[in-house]
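Here is what each chain is made of, one letter per residue.
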Amino acid sequence: KEQASEALTGIRDSYETLAAYVREGTQPAENVQRKGKIIAIGGAKGGIGKSVVAANLGVLLSTKGFKVALIDLDLGGANLHLCLGSKILLQKNINDFLKKRADSLQDIMTRTEYGPYLIGGDSSELGAANIEFARKLKLLRAIERINADFIILDLGGDTSYNIIDFFLKADFGVVVTTRDSASYIGAYHFLKAAMYRRFNRLFGPESRFKSRKD
């Protein structure tokens, strides 16, 4: 019991440290349109706790008085809602926005019982993870317009173009790993892929430097 208590205290301190770092200079304010800080939780391996980290960080920031939006961007394996008390499929999800059944991400955002708002996914649709480039850009722009102090992106466990582009959208990127060799080697590969992708997209259509391509 003492060892378990010590471990849980250490975990709590870790979340407090991370929360203090990302909320620096942010003051909660109600009834105003705000551009929230975007935090991406990534890693090149499944089952290492990305969704758990994202959910707990969101809950902790919410208890500090901030408006937090959690977005499940593991489009092929969406399960963030399970970490936030919802054991059934959500009534509305990202697919509704991408297929124009909802006008904005705000329209599919639901309040969870633990504080943060959730924009969930539904990977039961065939091809849900394979969105084309134009839809990805639409989603990235919509994320910027979410009215919240913090927007936390829970990413899938791979280094596909979509996942890396979601990660690079963030103001803060957190790469999760365990002590397992497959996990920490995967974390290195994830960071390397992100760096190469950043260089590759410097003058892409989504970049503010696109007019300087020549």
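Above this text sits the structure in question.
Since the model is a prediction, treat every value here as computed from it, not as a measurement.

Participant: Pulling in residues and values, what's your account of the nonpolar core?
Facilitator: The biggest cluster of nonpolar side chains holds 33 residues, and the ones touching the most others in it are Ile 71, Leu 73, Leu 105, Leu 139, Ile 143, Ile 146 and Leu 153. Of all the secondary-structure elements, those providing two or more residues to this core are strand E1 (37-42), strand E2 (68-73), helix H4 (94-98), helix H5 (133-144), strand E5 (150-155), helix H6 (161-168) and helix H7 (181-200). Once you skip the residues sitting within four places of it in the chain, Leu 153 turns out to touch Ile 38, Ile 39, Ala 40, Ile 41, Ile 71, Leu 73, Ile 143 and Phe 166. One finds Tyr 15, Ala 55, Leu 118 and Val 176 within the second-largest nonpolar core, a separate group that totals 24 residues.

Participant: Just give me the short version of the pairing of strand E6 (residues 172-175), but keep the residues and values in it.
Facilitator: Alternating positions in E6 separate cleanly, Phe 172 and Val 174 being buried on one face and Gly 173 and Val 175 remaining unburied on the opposite face. As paired strands, E1 and E6 are joined by four bridges and run parallel to one another. Bridge pairing in E6 places Ile 39 opposite Phe 172.

Participant: Which residues make up unusual backbone geometry, and what are the values?
Facilitator: A negative phi angle is the norm for most residues apart from glycine, just as the trans form is the norm for most peptide bonds. In the Ramachandran plot, Lys 100 falls in the positive-phi region, its phi being about 65 degrees despite a non-glycine side chain. For Lys 100, the position within the fold is in the loop between H4 and strand E3 (110-111). Among the residues examined, Lys 100 registers a relative accessible area of 70% and is labelled exposed.

Rules and cut-offs
Residues numbered from 1 in each chain as written. Predicted model: local features only at pLDDT ≥ 70, side-chain atom pairs only at ≥ 80, totals over all residues. Heavy atoms only, no water. Core = buried A, V, L, I, M, F, W, Y, C linked by side-chain atoms within 4.5 Å. Buried < 20%, exposed > 50% of the residue type's maximum accessible area, 1.4 Å probe, protein only. Helix = DSSP H or I, 4+ residues; strand = E, 2+ residues; numbered from the N terminus. Contact = heavy atoms within 4.5 Å. Pairing = 2+ DSSP bridges.

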